[in-house]
Structure formats: structure tokens, C-alpha cells
Amino acid sequence: MKPIQVGLLGIGTVGSGVFNVLQRNQEEIRRRAGRGIEITMVADLDVARARAVVGEGIQVVNDARAIIANPDIDIVIELIGGYGIARALVLEAIAAGKHVVTANKALLAVHGTEIFAAASAKGVMVAFEAAVAGGIPIIKALREGLTANRIQWIAGIINGTTNFILSEMRDKGLDFDVVLKEAQRLGYAEADPTFDIEGVDAAHKVTLMSAIAFGIPVQFDKAYVEGITKLGAADIKYAEQLGYRIKLLGITKRADKGVELRVHPSLVPAKRLIANVEGAMNAVVVQGDAVGSTLYYGKGAGSEPTASAVIADLVDIARLHTADPEHRVPHLAFQANTLADAMGTLPLLPMSEVVTSYYLRLRVADQAGVLAKVTGLLAEAGVSIDAVLQREADEVGGEGSTQTDLIILTHDTREGTMDAVIAQMQALPTVLAPITRIRKEELN
Ligand code: HSE
């Protein structure tokens, strides 16, 4: 069979990885796919850079639409990123009858419903293994390997930049701002790190996993997103003293009244495997009713790890290219005509309805009755306390200090209840600074 022909839109870090790995492993990939997979056209605004990567013999253009217009191209790989031109080009490629492979989590988390509908109508595939957790085949695992299960929850470290920063903060006892600057200097964080440190990138990824796990449409606009910018070295230290690590988790969970979809820093018991995932690595825990707990670990970014996921999609498409579209694996794991209906029984829950446990840190006046007042308010609200830690005032504020930190761990509480009781505690004259609240996930 003649090789399947691929056009590549954007040949930066990931694109060059795809080109190099496809070349290096072409014989094994051909034996797996049943036919060759060849990149025959590359589009990049920087034609000279693209030419330097691919050498001679491959058509290099600066206009992506020249690839979409080429009737010989079967698959378009979109590695441009963002919601703008990438969305237009993906939709045009679909309209032209091309299969699409993309690493663009932002595009699919926000415009996935439109893109998957267009692809289904045209009978083409949109594959996106590289969009979530880079080289870890988590989409394949959720969509196919775990297909027997009623998925109960997923919790993932799915942003390497923030995991690197949190690991450094813990190792070196440094605050966020200091470590961010160092991470930027070392190339672990982008010059504009907003999407990573504010949790948006992780929210894009967990939105996609949530849709696949529960058979609901992608609904990024309903995700709760909180990043790591307000975390201090003190909280990381106190968490450790209580037997926890702080990780930025993307969480999606089947609850009684619907589905939770949230990204925020979380205390995780230090003994859990996922709590020990350090540096820029990614890991995802999936809990299914039949399989129990499963863990996936690996590189969530980088040239060849991400290329590994892109090429897996190319091989899938090469194998299923000639299959009747009805008999391919659905984009979001569940048959497309069931997704909208599932929103009736599995609505995404507002954050006020999420139930979790909490770490609270209160900077208080070190005087009689303060602890009683605080715990009294929690008791009145029906919030059960799991543990309390109070530091020596001298240790917190220096010698002769009249302030101290009070750390409280709670049992499961509805977020709306916790919001209200935090507001009451904050109003106490003996609470001297904004209360820190970090959610706690036991993951058992
Ligand atoms: N910026 C992401 C991260 C990688 O830090 O994990 C691409 O999604």
C-alpha cells in the first residue's frame, strides 16, 4: 500500500521531534501501521528554519493553506497552538476531508464540540493524544484500555512547569516568585508563564479527560481554575509537617449530583505515589470501578515525548483510515449522539457544591480564647476538624512575637459551607491576615 501522506503545520520543538522520530523509526512504524507514514509537506512562517530541520526533498511552504489544498495529503498535523488561526486551519482541513492530529489542548478544550461535530459530519478523525500529558498515552488508556469501567475520578499532575516550581519550593524552602524567576532562567517556564502558573493549561487538559471519562461534552468554561501564584513556602513546610505534599492537581470526579471539574493546589498524603512525582514530570491517577486505581507517569512535554504521542495518532489513523467512520473509536470515547443527553444526569457542578477536605492557615493573635473562637465557628457550621497544629509564636514571628500560625485540617465539607465559615473567621479581630485555604485530597 502506498504511504499515507502527512502535512505538518508548524515545525518548532514538537514538529521537529515528529519529523526526526518518524525518520529514525520508520521501518518499525511501517510494520505497525501496515503502511509507510511520510511527511511530504511542511508549512512554517520561518521557511529557513523548517528547511534546516527537514533537509531537501520535502516541500516547505510558508502558507498552511497550501497543505490543506493539496489533494494528496491525507493527514494534517496542527502544531501551531492557540485558539486563533489554528481553529480556522483545523476546520478548513476537516472541510477538505483531511484527518487532523493536534497537540492543541486549548483549542479542543474551548472549541472541541464544534471541531468534533465538523469531523464527524465529514467522516474524518481528529486525534489528540499529545494534547494531554505529552508522551503519556492517557487518552488511549481512558478511551480504550479502561472502556469497561465506570470511571469514578481522575487526578493528575498535568503541568510540568508548575510541578517543577512546587518541587523547587519544597526542596529549597523558597517562595513562589523566587523559584519562578529561576525556572524561567533554566527554560522550565515560559517568558509569559500565565497559562501554566494560573492553572489554565492544566484546566484545558483535565477538561478533555473529563469529557472522555464521563461521556459529556468539553466544557472548559465551567471548570474551576486556581493556580499556584499565592502559595508560600510556609504552607509547603506546614503541609510537610502534617504528612502532606502540595501539588497542582487537575481533578474530575463523579459526585452524587454531577461531575466536579477543577484545578487547584491540593494537599496530597506524602505516601501516595503521585505525591512523589517531582520536577517537570506528569502523572495521572484514574480510579475505575472494575480496575481500581491506576497510575500513568512520564514526560508531559518536550520534543520527542510529545512526538511519541503525535505519531501514535498517525499510526491509529493509518490503520483506521479505510474503516467505516461508524466503526472507529469515538473522539470522546462515547458515541457522539449520547454526549448532550448525559449532561442531564451528569451536569458540571459549581465549585460551591464540591465536597472536599481543607487545610486552613490563620495568622492569629497569640492570646487566650482565639483557638476556641475559631473552632467554635467551625463547629457551628458543622465542619468537623481532623487535626490542628499551632506553631510557637517565636518560630513564626521572631523573638517576642505576639502572633502565630494556626493550621487546621478539616474533614469533608461542602465548599459553599467552607466559604461562609472562612468569611466569619476572617471577621474576627484576632485573625490578623487573609486566611489561606488549600483543598486536601486523600486520593484513596
Ligand atoms: N506548558 C506545559 C507544561 C506543557 O508545563 O506542562 C505543554 O502543555
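What this report covers is the structure whose coordinates are included nearby. Numbering of residues starts from 1 in every chain and runs along the sequence as written. Totals for whole chains, interfaces and linings use all residues, but because this is a predicted model, local features are given only for residues with pLDDT of at least 70 and pairs of side-chain atoms are given and counted only at 80 or more. No hydrogens and no water enter the side-chain calculation; it runs on all heavy atoms of the structure.

Definitions used throughout: a 1 Å grid over protein atoms alone; a cavity as a set of points that fits a 1.4 Å probe which cannot get out; a pocket as an open set with protein on both sides within 12 Å along at least five of seven lines; a lining residue as one with an atom within 4 Å of a point. Grid points are joined across faces, edges and corners, and a volume is the space filled by probe spheres set on the points. Taken as a whole, the largest pocket holds about 1,200 Å³ of empty space. Lining the largest pocket we find 41 residues, and of these Lys105, Glu190, Asp201, Ala301 and Gly302 sit closest to its centre. Think of it this way: any DSSP run of H or I at least four residues long counts as a helix, any run of E at least two long counts as a strand, and we number them from the N terminus. For the lining of the largest pocket, the elements supplying multiple residues, two or more each, are α1 (13-24), α6 (105-122), α8 (160-172), α10 (194-197), α11 (200-214) and β11 (281-288). For this scheme, ten residues count as nonpolar: Ala, Val, Leu, Ile, Met, Phe, Trp, Tyr, Cys and Pro. Four count as charged, namely Asp, Glu, Lys and Arg, and the remainder, Gly too, count as polar. In the lining of the largest pocket, the residues fall into 18 nonpolar, 15 polar and eight charged. A volume near 460 Å³ is recorded for the second largest pocket.

Attention shifts here to the sheet that holds strand β5 (residues 99-102). Strand order across the open sheet formed by six strands is β3-β2-β1-β4-β5-β6, with parallel pairing between neighbours. Of all strands in the sheet, those with a lone pairing partner are β3 (59-61) and β6 (126-127), marking the two edges. Here, a strand pair is defined by DSSP locating no fewer than two bridges between the strands. Relative to β3, strand β2 (residues 37-43) is paired through three bridges, and the arrangement is parallel. The residue bridging Ala43 from the neighbouring strand is Val61, located in β3. Against the sheet, helix α3 (residues 47-54) engages β2 and β3, with an angle of about 160° to β3. Here a residue-residue contact requires only that any non-hydrogen atoms of the pair lie within 4.5 Å. Structural elements are reduced to axes, namely lines fitted to C-alpha atoms, with helices fitted over the stretch in contact, and the angle between N-to-C directions of any two is expressed from 0 to 180 degrees.

Tallied over the full model, the rule gives one cavity of 30 Å³ or more. The calculated volume of the largest cavity comes to roughly 40 Å³. Surrounding the largest cavity, Leu166, Ser167, Arg170, Ile236, Ile246, Lys247 and Glu278 form its lining. Among the elements of the structure, α8 and β9 (244-254) are those that each provide at least two residues to the lining of the largest cavity. Examining the composition of the lining of the largest cavity, we find that three residues originate from one element, α8, more than from any other. Of the residues contributing to the lining of the largest cavity, the split by class is three nonpolar, one polar and three charged.

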